[in-house]
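Report on the structure
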Protein chains: 4
Amino acid sequence: MIDVKEAALGQRYCAVRDFTRHLCQPLATEDYVVQTMADCSPTKWHLGHTTWFFETFLLAPNLTAFAPIDTRYGYMFNSYYEAIGERQPRPNRGFMSRPTVEEVFQYRAYVDRWMTTLLGDGQASQLESLLVLGINHEQQHQELLLTDIKHVFWCNPMRPAYGAKDVPRAAAIRPLRWLEYEGGVLSIGHDGQGFAFDNEGPRHQQLLQPFRLASRLVTNREFLEFMEDGGYQRPELWLSAGWTTIQEQGWSAPLYWEKFGGKWWNMTLAGPREVDENEPVCHVSYFEADAYAHWRGTRLPTEAEWEVAAEALPVEGNFVENGYLHPCPASGDGLTQMYGDVWEWTRSSYSPYPGFRPAEGAVGEYNGKFMCNQYVLRGGSCATARRHIRSTYRNFFAPEARWQFTGIRLAADA
Amino acid sequence: MIDVKEAALGQRYCAVRDFTRHLCQPLATEDYVVQTMADCSPTKWHLGHTTWFFETFLLAPNLTAFAPIDTRYGYMFNSYYEAIGERQPRPNRGFMSRPTVEEVFQYRAYVDRWMTTLLGDGQASQLESLLVLGINHEQQHQELLLTDIKHVFWCNPMRPAYGAKDVPRAAAIRPLRWLEYEGGVLSIGHDGQGFAFDNEGPRHQQLLQPFRLASRLVTNREFLEFMEDGGYQRPELWLSAGWTTIQEQGWSAPLYWEKFGGKWWNMTLAGPREVDENEPVCHVSYFEADAYAHWRGTRLPTEAEWEVAAEALPVEGNFVENGYLHPCPASGDGLTQMYGDVWEWTRSSYSPYPGFRPAEGAVGEYNGKFMCNQYVLRGGSCATARRHIRSTYRNFFAPEARWQFTGIRLAADA
Amino acid sequence: MIDVKEAALGQRYCAVRDFTRHLCQPLATEDYVVQTMADCSPTKWHLGHTTWFFETFLLAPNLTAFAPIDTRYGYMFNSYYEAIGERQPRPNRGFMSRPTVEEVFQYRAYVDRWMTTLLGDGQASQLESLLVLGINHEQQHQELLLTDIKHVFWCNPMRPAYGAKDVPRAAAIRPLRWLEYEGGVLSIGHDGQGFAFDNEGPRHQQLLQPFRLASRLVTNREFLEFMEDGGYQRPELWLSAGWTTIQEQGWSAPLYWEKFGGKWWNMTLAGPREVDENEPVCHVSYFEADAYAHWRGTRLPTEAEWEVAAEALPVEGNFVENGYLHPCPASGDGLTQMYGDVWEWTRSSYSPYPGFRPAEGAVGEYNGKFMCNQYVLRGGSCATARRHIRSTYRNFFAPEARWQFTGIRLAADA
Amino acid sequence: MIDVKEAALGQRYCAVRDFTRHLCQPLATEDYVVQTMADCSPTKWHLGHTTWFFETFLLAPNLTAFAPIDTRYGYMFNSYYEAIGERQPRPNRGFMSRPTVEEVFQYRAYVDRWMTTLLGDGQASQLESLLVLGINHEQQHQELLLTDIKHVFWCNPMRPAYGAKDVPRAAAIRPLRWLEYEGGVLSIGHDGQGFAFDNEGPRHQQLLQPFRLASRLVTNREFLEFMEDGGYQRPELWLSAGWTTIQEQGWSAPLYWEKFGGKWWNMTLAGPREVDENEPVCHVSYFEADAYAHWRGTRLPTEAEWEVAAEALPVEGNFVENGYLHPCPASGDGLTQMYGDVWEWTRSSYSPYPGFRPAEGAVGEYNGKFMCNQYVLRGGSCATARRHIRSTYRNFFAPEARWQFTGIRLAADA
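Now for a look at the structure at hand. (Residues numbered from 1 in each chain as written. Chains lettered and ligands numbered in written order. Predicted model: local features only at pLDDT ≥ 70, side-chain atom pairs only at ≥ 80, totals over all residues. Heavy atoms only, no water.)

**Here's the deal with the relation of the copies chain B and chain A**
The cut-off we apply is this: Fitting of the copies onto one another was done by least squares over C-alpha atoms, counting residues only where both copies have pLDDT of at least 70. Only heavy atoms matter for contacts: two residues are in contact if any of them lie within 4.5 Å across the pair.
The transform that puts chain B on chain A rotates by 180° and translates by 0.0 Å along the axis, for an RMSD of 0.0 Å. The superposition operator between the copies reduces to a two-fold rotation axis. It is Glu 30 of chain B whose C-alpha, among those of chain B, lies nearest the rotation axis, at 2.9 Å. Comparing interface residues between copies, 100% of those in chain B also sit at the interface in chain A, which points to an isologous, same-surface contact.

**Things to note about the interface of chain A and chain C**
To keep things clear, this is the line we draw: Simply put, the buried area is the total loss of 1.4 Å probe accessible area from both parts when two parts are fitted together. Salt bridges, as used here, are contacts in which a Lys or Arg side-chain nitrogen is within 4 Å of a carboxyl oxygen on Asp or Glu. Polar contact criterion, stated in full: a pair of N or O atoms within 3.5 Å, where within protein one must be able to donate a hydrogen and the other to accept it, and residues adjacent in sequence count only if both atoms are side-chain atoms.
Taken residue by residue, the interface counts 28 residues in chain A and 28 residues in chain C. The three residues of chain A that bury the most area against chain C are Leu 207, Cys 372 and Asn 373 of chain A, which together make up 21% of that side's buried surface. Applying the counting criterion to the chain A and chain C interface returns zero salt bridges. On inspection of chain A and its partner chain C, the count reaches seven residue pairs in polar contact (both at pLDDT 80 or more).

**Side note on the interface of chain B and chain A**
As a reminder of what qualifies: Where helices and strands are cited, they refer to DSSP runs of H or I of at least four residues and of E of at least two residues respectively, numbered from the N terminus.
Counting residues at the interface gives 31 residues for chain B and 31 residues for chain A. Between chain B and chain A lies a buried interface of about 2,500 Å² when both sides are counted; carbon and sulfur atoms form 63% of it. In this structure, Asp 31 of chain B and Arg 98 of chain A form a salt bridge, with 2.5 Å as the shortest nitrogen-oxygen distance. Those elements that place two or more of their residues in the side of chain B that touches chain A are α3 (73-77), α4 (101-123) and α5 (128-154) of chain B. At three residues, the largest contribution of residues to the side of chain B that touches chain A is made by α3 of chain B.

**Let's talk about the relation of the copies chain A and chain C**
Between the two copies, chain A and chain C, the superposition gives an RMSD of 0.0 Å; the rotation angle is 180° and the shift along the axis is 0.0 Å. When the interface residues of chain A are mapped onto chain C, 100% of them again lie at the interface, so the same face is used by both copies.

**Comments concerning unusual backbone geometry**
Applicable threshold: Type-normalised accessible area, obtained with a 1.4 Å probe on protein chains alone, sets the label of each residue: buried when under 20%, exposed when over 50%, and partly exposed for intermediate values.
For the peptide bond that leads from Arg 98 of chain D to Pro 99 of chain D, omega is -5°, which places it in the cis range. Inspection of the secondary structure puts Pro 99 of chain D in the loop between α3 (73-77) and α4 (101-119). Here the amide bond leading from Gly 201 of chain D into Pro 202 of chain D is cis, since omega sits at -5°, within 30 degrees of zero. Assignment of secondary structure puts Pro 202 of chain D in the loop between β2 (184-188) and β3 (204-208). Phi angles above zero are rare outside glycine, and Arg 159 of chain A is one such case at about 45°. Note that Arg 159 of chain A resides in the loop between α5 (128-154) and β1 (178-181). The phi dihedral of His 283 of chain A is positive, around 60°, even though this residue is not glycine. Owing to a relative accessible area of 3%, His 283 of chain A belongs among the buried residues under this scheme.

Without other data, these values stay purely geometric and don't point to any function.
If you want it as structure tokens, here you go:
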């Protein structure tokens, strides 16, 4: 007899696996193969890697009858787990035309069948934490699948569209307002109730000075003002590493922006569109977020400031389930757009919380070893699953990364 | 009424286009997309580029009714013709998941239909030279398609097989003999009868000293002796640039060789096989060919020596039509293996013949502009079409290139 | 009449300028010219750049009679001040054989004479903050001059010695003990009394959990245990970026270590010496410090932890004035070696304190713009001037930097 | 008793060693140390390396009493002789501040004293070939010393002058005329009478078609016409590798040219000067020479064409002994400027003559191993010693090299 909790876990497993398949619907076979930069992975690799995760961390150690469908997949679909062994070099993931897309889906089905066995085995409860980790891991790769295929289509002179619902346009949006926060000795971090990644804990106290937070994200119109004021040409606005980056890369606008006929267009998953000035600016690096804040005489929030403000809010927003796959203009009162739309850069370097200990074994490589030269982002994006995000969630990217749905919320000292 | 010559041209056109399709039979859709290094192109790109050639140089200038199926293909499928305009950067050809394979085949069919119109138009004769150039161009890309997909499969940890007929094994082969040539003031180069690339002419005289040529290609066994004698560790055997290359690249065997369980295996289009000692050594660079010759106390032939010796022979050998797609052991008497099997490195830098003039316009970019830092290879390979090759044919690659079917014939002063 | 304060300032100016000259005594003319990597600068450049600082920020704006000795020096000796204008690219500072060493000393003397005028002018007080900034800036470059020339001598196959006093050897040193700290809401940062760099303020409160600090630095013996335990071969001990770095760079020991005849030697400013196991380990990167701490089951301190512990101690230690130019074995009770010997890596990313604002104008480029992808180091080293350091001092380097005198103090949660 | 020939050899040795010292007169100590690119070496290194040559190939094998002044110099001053052992990496020659310039001159004096012993020993005759090789080797490095220091001064924002005599200006020069040559089966290469480098032989016959040679070098005026006609912007004029090079390097004029106030200046060893339109164009790469010839509808000569034309002329011209260190305007009738002024690019790849065999042992590494991806230059330059050059002399550089005194003579088919 399968108990209720196990059934629920099994359902969540199936649902998340189905959603991955759903996200692949618009793709041609050819689209699954391409890798356009080391940071991006082919769709096919995402499909295989998430499957390999369940195989390696759940099936292999817990089902003696289990045998891999192909032992070489371990090499091909390991991402960065040193404890598991050698792997295909990251920049060469796009070299692997085989297994074919169909074979990868067979691999998924094979592992799914074995997972059903495992979950029906009365073992689900004791494997719950790993299973939920695997589910969340797959959700992360769903978002990456979307951001990576966006980059693939951007690198194609034909600018193909993945396909997405029309983003609602706003005639106008409210002016940005400043919301006040008192600060004090406050707790942040995950308290261990329900799932969280190891990097979200332990919950601990921090001392915050009084601060202010912008009521909404910075819009394209506001960012265009920065551009028109010579923002990309004024070294005094930039971190030294940022100035070097924009010089070397020749950046003069957010990623995915192009000028045609005197007007700015940006690439979306629905194809190229004229830039909508009311939408949140998106696909900016930490460097650009920081320079913009500098230009405005403000700053980015710390992750603790963001979290204490977000904690009070329901986890609602423009997530992947909406199907827009693009940030929407702000609406509503008070503190808006904290969840969904775009990941919000914080000024906090990604570092361990006091008392942080990574898990033992290979899954301990999940987060801790990346705590260097990256910045924390908060709140999820229009490509994040709603159930995946929470106020304590810490995403992280290098300061030059732009291919994620990343945007800007301003903060200031009170 | 279509005259005989036009019909023959039309048939040749169809035959070569069909053969390209035939070569694609063993491939999965995913295989068409991948690019593993800048020198290689995706299969899909070869299919598109050869089609673009006919579209650009034959249809567009000669058929006013013709309209391109997609104007963006010009950007995507131009290889290096500066006169035609901007193009997709070579190392990024593998970024283009679209057009899909099916769409590329539609593009081919579309151009083929218009070509039928053009060829049926009574224009074939006057366009003959461009048409035959396009046919030969497509044959060149047929060979590249095979060498490039071999590299793709090599870069895949699964080492997939393209599929090829079993290469006949030889119990033993004859010892290498030296054939004597008198030299003198001799003519080389193409005389203008029938098709040749511009770089093969004009026919002109050269003064050759008496020389000797090896009766067959260097075998794997002979090359293993070089390796076992420390060939890859002895700088005195190598050109300075060659020594630097093998150090930087970590070369200690020909490309596609791997050691398993104490034995050498090499990758073939039929998959990995144990190295057959009687086969010609293949996938060696000019540097390795030169070092081997040095070690043997001999040298590589000049292209003129090669040509005057080959001129007397019928164009017969192990070509792509055989379906082995791999060099075969030598058999027969006299001067063997001159055509087919492997391209033979000569010691001749690729430079213009006396009186050489490239054609006017874009097709003039075909050969002349590459006459720098490359070496001439002669004779065709097991991936070359039999009708494509002749004694005057000059192929050329950079001295470090190894992914073509390239091997070694020794020469010596008399 | 010159007042007392001005006289004191003038004396400090002269003293620091003299000390720079003193540090150059052991050098041959040739030694002044060489640059061995982009991070290092030639001695001559340090001499010119510190002089340019006084010229640009004090003389030019405040003495109308002042004219530069050579207007081209502005281009040659600007380091990174965008507001001042174009400059010699950093990696090419070693290309400038001219001005000669003698001319650079003439430049120094010229600026010193004008500075005497300026300081005698009754203006010293109002320029005090810039003057003291210039003095501290020169002290920073005195340390860099030493670390950079050490690298120059290391890159020389002859391993020349700069010359330094013999470091006292210790028969044995005390075992490492753990000192307990209570934490709480504590203040760190500079309070504005006396000189500090802008990045040291404002003073502010932080909440610290109880923690422990090691009584002394990690020694070479202790670091050798890490090495012998396979520390450099075990990916689980390293940050991901650290593991990549040691693979790419081939690191298997601290910088300046070499093995001869089965024994480890390290390069010092007195030339190569056998590694003394009682000395603090030195010339390790953040990556190595972090991996070592990880291996020991501990961690590095935060900069706040370090500062609250250091605040109570007198600023005493093994500084540049000692003349050892090398870290010494620990001696004494309690918390030792906090100042001098080696800069201590903290786990704190270099970021602005709450309320931090860079100064207006070019000097505002001093610190803030580097607050990205660097880690804070504390306490000064054997190459730091004693008067230069204080408990609030924040040094910062990229996590892979090793050519500074950098070492390891362990911390732990209470 | 020393015989006449030995005395003469000794005198030549002393004279060449003295002339090296003479060339160093204008240099400051700092100038000896700098290396601005891998192709260039520091003056100090040239001084040491030429000395090491005599030490290694003459003293060490032939004088049992000889002991090196410093055994580490072998590592530091070996250029590329694999047979001799490990050496300082070429790009890092500028890292070696020690030995000091004075110590290097002491090294020279030490070796010179031992050479006097050796030459007085009655051994000079039997060592003649190596001795003369060493003398010629030193002459080659005299030229490199000048071209390399010119690059050092160019990389210095102060553009210092080495110092040279004023180049005579010409009011006007004669128009370029075409001289006719019959061709035929002709001999080129050195016949073994007197010294020559191994690559100049063996003398052998070549078949030459009738050809024409320009009566003088291409001038700056003529090259400016090419520039003004968009020469650097027209891909159809360039070799593919050349076009890539000028794009990547951003070339739009010869090396050492700068535009100030609407006028072209070029850097000379006497400092920057306005470009003199009557002087031969200088510091152009093979790519530029080839593109220029292409633009003019002509071509570069083969090395055989150059040699048969030069053979009849006396070895006279603007050599290093003149002290101009810069090419001069053409004067005189007939075929002028064949010797001296600038090295003339030929269209001949640098390859072995029929029957070429490098010498046994380390000196065999002198020339042969560089016969790949380089082009032959002929005739010497204003920085070449007059006694160093002859009609058979083959210099060689990569097609992108520009820092030598290299220029253009046109040729054409008859």
